[in-house]
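In case you want the letters, here they are:
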Amino acid sequence: MADFFRKLFGTKEEPVKQKQQVDMATTAPLTDQQINSIVSGQNAKYEMKQLISSVGQSVGKQREHNEDSVLTLTSTISGSTENVPFGLYIVADGMGGHQFGEVASNAAIRIMGGNITKKFNSYLYNLPSQPLQDSLQEVMENSILEAHQYVQREAPGSGTTVTAALVLGQQVTIAHVGDSRAYAVYADGRMEVITRDHSLVKRLEELGHLSKDEAENFPHRNVLIRALGQGESLEADIFTIPFPQPGYLMICSDGLWGVLNENDIFRMITDAPNLHRACQNLVEAANAAGGPDNITVILAQMIG
Amino acid sequence: MGTGSGDQRPRQQLQPGITLVNRYNIQDVIGVGGMGSVYRARDLHFPNVVKLVAVKEMINLAPDPLVRQTIVQNFEREANLLATLNHPAIPRIYDYFSQNEHSYLVLEYIHGKDLETVIADANGFLPEDQVVSWAIQLCDVLAYLHSHKPDPIIFRDMKPSNVMINHNGDVVLVDFGIAKAFQSGQKGTMIGTEGYSPPEQYRGEATQIADIYSLGAALHHAITRRDPRLEPPFSFAERPIRRINTNVSVEFEAVVNTALQYNPADRFQSAESMKDALMNVARKTGALSKITSAIPAVSTGVKPLWSFKCEDEIRGTPFLHQGMLYVGCYDNNLYALNAADGQFQWKYPSDGGIVSRPLVYENNVFFCSEDQRLHVVSTRTGKVVWTYFTEGKIYSSPRISDGHIFFGSEDQDLHAVNASSGRTIWKFSTDGPIYSTPLLANEMVYFGTEAGSVYALDFRGELKWRFQAKRSVTSSPINKGQAIYIASVDGTLYALDSKNGWAIWKFRLGKGSVSSPAIADDFVFIGAADGFIYCVDTRTAKEVWRFRTENQVSSSPTVYKDSVYCGSVDGFMYCLEYRTGRLRWKFESQAAITGSPVVFDDIVYFGSTDHHVYALFA
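Because the structure is a prediction, the values reported are computed rather than measured.

Scoring rules and cut-offs
For every chain, the first residue of the written sequence is number 1, and numbering continues from 1 onward in sequence order. Chain letters start at A and ligand numbers start at 1, both assigned in the order the entries are written. Local features in a predicted model are, by the rule used here, given only for residues with pLDDT of at least 70; side-chain atom pairs are given and counted only at 80 or more, and totals for whole chains, interfaces and linings are based on all residues. In DSSP terms, a helix is any run of H or I states spanning at least four residues, a strand is any run of E spanning at least two, and both are numbered starting from the N terminus. Exposed residues have 12 or fewer other C-beta atoms within 10 Å of their own C-beta, buried residues have 20 or more, and partly exposed residues fall in between, where C-beta atoms are placed from the backbone. The contact criterion used here is simple: two residues whose C-beta atoms, placed from the backbone, lie within 7 Å are in contact. Pairing between strands requires that DSSP locate at least two bridges from one strand to the other. Angular values range over 0 to 180 degrees, each being the angle between N-to-C directions of two axes fitted as lines to C-alpha atoms, with helices fitted over their stretch in contact. Should an angle fall under 35 degrees it is called roughly parallel, over 145 degrees roughly antiparallel, and 65 to 115 degrees roughly perpendicular, with every other angle called oblique. Put simply, a crossing is left-handed when the front helix is turned counterclockwise from the back one by less than a right angle, and right-handed when it is turned clockwise. Here the nonpolar group is Ala, Val, Leu, Ile, Met, Phe, Trp, Tyr, Cys and Pro; Asp, Glu, Lys and Arg are the charged ones; every other residue, Gly included, is treated as polar. Every helix has an expected span of 1.5 Å times one less than the residues it contains. Read the arc as the range of directions from the helix axis to the C-beta atoms. Linking buried Ala, Val, Leu, Ile, Met, Phe, Trp, Tyr and Cys residues through C-beta atoms within 7 Å yields a set, and such a set is a nonpolar core. pLDDT is defined as a per-residue confidence score from the predictor, taking values between 0 and 100.

A few points about the overall build of chain B
Phase 1: Of regular secondary structure, chain B possesses eight helices and 41 strands.
Phase 2: For chain B, buried positions account for 48% of its 618 residues.
Phase 3: Long-range contacts, defined as pairs at least 24 residues apart, comprise 47% of the intrachain contacts of chain B with a sequence gap of at least 6.

Quick look at the overall build of chain A
Phase 1: From N to C terminus, chain A includes ten helices and ten strands.
Phase 2: Out of the 304 residues belonging to chain A, those deemed buried represent 46%.
Phase 3: Long-range contacts, defined here as pairs at least 24 residues apart, represent 72% of the contacts in chain A between residues at least 6 apart.

Thoughts on the sheet that holds strand β16 (residues 364-368) of chain B
Residue and element names in this part refer to chain B.
Phase 1: The strand order β15-β16-β17-β18 describes an open sheet built from four strands, whose pairing is antiparallel. Lying at the two open borders of the sheet, with one neighbouring strand each, are β15 (359-361) and β18 (384-389). Taken pair by pair, the neighbouring strands of this sheet meet at an average axis angle of 20 degrees, ignoring direction.
Phase 2: Examined bridge by bridge, strand β17 (residues 373-378) and β18 share five bridges and lie antiparallel to one another. Paired with Arg 373 across the strands is Phe 389, a residue of β18.

A closer look at the packing of helix α4 (residues 128-146) of chain B against helix α5 (residues 208-224) of chain B
Residue and element names in this part refer to chain B.
Phase 1: Where α4 meets α5, the closest approach of the two axes is 11 Å, and the angle between their N-to-C directions is 165 degrees. The orientation of α4 with respect to α5, classified from their angle, is roughly antiparallel. Along this stretch, α4 crosses α5, giving a crossing that reads as right-handed. Of the residues in α5, those touching α4 at Glu 128, Val 131, Ala 135, Leu 138, Leu 142 and His 146 are Gln 208, Asp 211, Leu 215, Leu 219, Ala 222 and Ile 223.
Phase 2: Per-class residue counts for the contact of α4 with α5 are eight nonpolar, two polar and two charged.

Some words on the environment of Val 131 of chain B
Residue and element names in this part refer to chain B.
Phase 1: Tracing the chain through its elements places Val 131 in helix α4.
Phase 2: For Val 131, a count of 21 C-beta atoms within 10 Å translates into the label buried.
Phase 3: Apart from the residues within four sequence positions on either side, Val 131 is in contact with Leu 126, Leu 219, Ala 222 and Ile 223.

Considerations on the packing of helix α4 (residues 100-125) of chain A against helix α5 (residues 136-154) of chain A
Residue and element names in this part refer to chain A.
Phase 1: Between α4 and α5, whose axes approach to 9 Å, the crossing angle comes to 145 degrees. Crossing angle aside, the handedness with which α4 passes α5 is right-handed. Here Ala 104, Ala 107, Ala 108, Ile 111, Met 112, Asn 115, Ile 116 and Lys 119 of α4 come into contact with α5, specifically with Val 139, Asn 142, Ser 143, Ile 144, Glu 146, Ala 147, Tyr 150, Val 151 and Glu 154.
Phase 2: Of the residues assigned to the contact of α4 with α5, the class counts are eleven nonpolar, three polar and three charged.

Some points on helix α10 (residues 275-288) of chain A
Residue and element names in this part refer to chain A.
Phase 1: With 14 residues, α10 extends 20 Å from end C-alpha to end C-alpha; this agrees with the ideal 20 Å at 1.5 Å per step.
Phase 2: Buried within α10 we find Ala 278, Cys 279, Leu 282, Val 283 and Ala 286. Taken around the axis of α10, the buried residues stretch over an arc of 130 degrees, which confines them to a single face.
Phase 3: Remark: Gly 290 follows α10 within two positions and exhibits a positive phi of approximately 120 degrees.

Remarks on the pairing of strand β38 (residues 583-588) of chain B
Phase 1: Of the pairings in the sheet, the one linking strand β37 (residues 572-577) of chain B to β38 of chain B comprises five bridges and is antiparallel in character. Directly across from Tyr 574 of chain B, in β38 of chain B, lies its bridge partner Lys 586 of chain B.

Re α5 of chain B
Residues and elements named next belong to chain B.
Phase 1: The end-to-end C-alpha distance of α5 is 24 Å, a good match for the 24 Å that 17 residues give at a rise of 1.5 Å each.
Phase 2: The element α5 is largely enclosed, with a buried count of 17 among its 17 residues.
Phase 3: Phi turns positive, to about 60 degrees, at Arg 225, one or two residues after α5.

Structural notes on the nonpolar core
Phase 1: Grouped together as the largest cluster of nonpolar side chains are 183 residues, with contacts concentrated most on Ile 90, Ala 108 and Val 297 of chain A.
Phase 2: Ranked by the residues each element gives to this core, the list is headed by α4 of chain A, at ten residues.
Phase 3: Sequence-distant contacts of Val 297 of chain A, defined by excluding residues within four places in its chain, comprise Val 55, Gly 56, Met 250, Cys 252, Leu 256, Cys 279, Leu 282 and Val 283 of chain A.
Phase 4: If you look at the next biggest cluster of nonpolar residues, it comprises 48 residues, including Val 141, Tyr 196, Leu 219 and Ile 223 of chain B.

With respect to the sheet that holds strand β1 (residues 19-20) of chain B
Phase 1: Read from one edge of the open sheet, six strands run β1-β2-β3-β4-β6-β5 (chain B), paired in antiparallel fashion. Both edges of this open sheet fall to β1 and β5 (93-99) of chain B, since each of them pairs with a single strand only.

Here's the deal with unusual backbone geometry
Phase 1: With an omega dihedral of -10 degrees, the bond running from Gln 245 of chain A to Pro 246 of chain A counts as a cis peptide bond.
Phase 2: We note that Asp 601 of chain B has phi near 50 degrees; this positive angle belongs to a residue other than glycine.
Phase 3: Judged by C-beta crowding, with 10 C-beta atoms within 10 Å, Asp 601 of chain B ranks as exposed.

A short note on the confidence of the model for chain B
All names here are of chain B.
Phase 1: Averaged over every residue, the pLDDT of chain B is 86; the share at 70 or more is 90%.
Phase 2: Per-residue pLDDT stays below 50 along residues 1-11; that stretch engages in 24 contacts with residues further than four places along the chain or on separate chains.
Phase 3: Below a pLDDT of 50 lies the segment residues 178-193, which in the model reaches 43 contacts outside its immediate sequence neighbourhood of four places, other chains included.
Phase 4: The complex model carries a pTM of 0.65, and its ipTM stands at 0.72.

Structural notes on the environment of Met 250 of chain A
Residues and elements named next belong to chain A.
Phase 1: Checked against the element boundaries, Met 250 lands in strand β9 (residues 247-252).
Phase 2: Residues Met 250 and Ser 53 lie 197 residues apart in sequence; the distance between their C-alpha atoms is 9.6 Å.
Phase 3: Among all residues touching Met 250, those that are not within four sequence positions of it are Tyr 183, Val 185, Val 297, Ile 298 and Leu 299.

Re the confidence of the model for chain A
Phase 1: Confidence in the prediction of chain A, expressed as mean pLDDT, is 83, and 82% of residues score 70 or more.
Phase 2: Per-residue pLDDT stays below 50 along residues 10-23 of chain A; that stretch engages in one contact with residues further than four places along the chain or on separate chains.

Quick word on the pairing of strand β6 (residues 181-186) of chain A
Residues and elements named next belong to chain A.
Phase 1: Strand direction decides the pairing type here: β6 and β9, joined by six bridges, are antiparallel. Within the sheet, the bridge partner assigned to Val 185 lies in β9 and is Tyr 248.
Phase 2: As judged from the three bridges shared by β6 and strand β7 (residues 191-193), these two strands associate in the antiparallel manner. Of the residues in β7, the one forming a bridge with Val 185 is Met 191.

Some details on the environment of Ile 478 of chain B
Residues and elements named next belong to chain B.
Phase 1: Residue placement: Ile 478 occurs in strand β27 (residues 478-480).
Phase 2: The buried category is assigned to Ile 478, around which 20 C-beta atoms lie within 10 Å.
Phase 3: Sequence separation between Ile 478 and Ala 441 is 37 residues, and the spatial gap between their C-alpha atoms is 9.0 Å.
Phase 4: When near neighbours in sequence (up to four residues on either side) are disregarded, Ile 478 contacts Leu 439, Ile 484, Tyr 485, Ser 516, Pro 517, Ala 518 and Ile 519.

Below is the structure:
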């Protein structure tokens, strides 16, 4: 278009002049502070944001049962002034003999999912008459506790990891126990593990008792120190962080993060044409790497 | 405990009435272990007296015959070893035998309760003297085991459930680590929750000093009633004994802490030396002086740099601008003082008390008064430029953004006023008087009302959202990231999503709060009417620390460098290390401090209801 106008009206000097101006202009890189203020200024606007998600699952190559359970729910709460993105994403990796692992992870997903959606039922599917009495963290805490008590009662001896993320607006509230993980995957290549593994090896590493190398070869890597359904009381990690933007929220079981390295995961997510493909590629890659355990992965993204 | 045992238990347990090897008549289950159950049984070889025995069962489910045989051999070897022991705190072994995959150990039956049950059943904390006396007995029996010839015996499983308190009130060690190997492989073995094992035991190093650690852990559990299996491993240091049970002596706490040192070399090197230390505790001779307990150095002799006396109470917060300190007073005046030496510059009389914090913008100082007006006064001359009337008293402090002044009034309106002309831009009517100071962020105005609402308006004065607390919200919000933090007289500190007003979390304070939160790193600080200054993690809503003052905290904390400063109605200004809540210094004024300090260039400025303005070194 510009060329077209230039042909119509422009002289030959004009582009040259512009070029000289650019060459003479002094530029300095923006400081972090400047960038932050620009970014935060942009975030402050009430833009329409849309939440999208996808999920991938596989039993893996070496297990007969699938003890992982998964729930994804992506929606919007319509409001008078704006539409608020709503998402609920849960991965649970069950453990224990026989089918009890499945029972535990399945129950955890259903009970947590049921409890949380019940709280938001009137906002999602009805006209709310009452404001929500519980805070988001209370909703998560009560739900995970109820699931814990159920598993203790109905599937004694078994247990499950649970990593649950409730997205409301631009915030993510996480409830977490065990060694499934939530990641913040940023478009610039940073990958942050948002959750902390409740495993013996991680604890020993945190205490400086094992080096990173020792930790990788630790014989009891799969020993958890906390799990839903285990122990009399459950202390889940519950916290709220901003949704990673621009980027992705990833939740997965150790069948994925234990097999693939972070660089590969990042590349597979960003190379894929869409979230569905990214999830499938991740699952296929974990299987190609031996698929020693059940694989579950959820990807969510805030667009707009 | 292996995760499989849950469903095996009912199937495999021996039923009462069954007689083993024609001799031991099973009466009841008295315990469940990792590899099987423990039963109370009657020895039928003594038909004329009731001789009770404890029968300990080990179920060997190893599928590989060689492994199974090894387990049985280990079991028998250990049983033989125990048969050589002779100590009043160790049950005698009468017999052992194997049947198919089951092996049995027949032991002296102990009449009594295990220590875990004793702890759980106790009404409150166990007396220290009692726990110390058991601890000494346990050191005795450990010393006996550790000095066993030819090889020392490591108990490896010292925990309250393995310590019986017999009918005489003496301890007996039960459960001598039969076949207590790591159950590796299956996920969820959960061995880490044991809570009593020292770090080195996870590397397979079991030494006498490992038993010392476990004894320390058991004592910690007994004296604090905090079960270490419910806590992260090796986290005792995060639960200081005397913070949980204030009745415990410093000396006993020091002994337990020494036993619980992470590094084995830092613990007692023998059960005897631990016993000696405990004996000293028992005698209260104070011989433990070499084990230092960190008592923080607290400075109370803080002298003010200067002070300035007004004619009535100062309840509000000063404002510092270009070397001048502006502060409102209940003698109706706004004072301008030289911040360096407290020299009086000028004062300006309003017609009401001033609690509102002043604000300087373009050489004018803006502040509100109980005389229902926003006053604008020249910083140079102290003469009025213009005033702005509302329909009620004003306690809210003005805030400025983009040439607009925002504040609330008792007339229930949030006022937006042009900072140059004094003209109303808009007013927003709410459900109650506004004492809260508005927060201006993200081109939004956030504030609370005495009717218990938190409002979010955009800069055009349109409602974006409203949140309802249970009591009035006098506190002023602060924001970080996408959340705003605000307290209410309902006794809750709220984290609200700044975009839509959803409560992200709630933190329960002991009582209501009119204090406004401050933020540093991932911490939010707030005072409350229960007299505490709280530090709460902004991500998890977990309390990081709380600091007790002697009266209500209406003052709002201020963070400067690595300290938090806050006043209290007890008359003190406190300086606390903000990560730990440790007291650095406190300064006593002669009356309640309800306003907040302002800190600049390592100097803290604040007013007190004792009529003084103070300047102190931070």
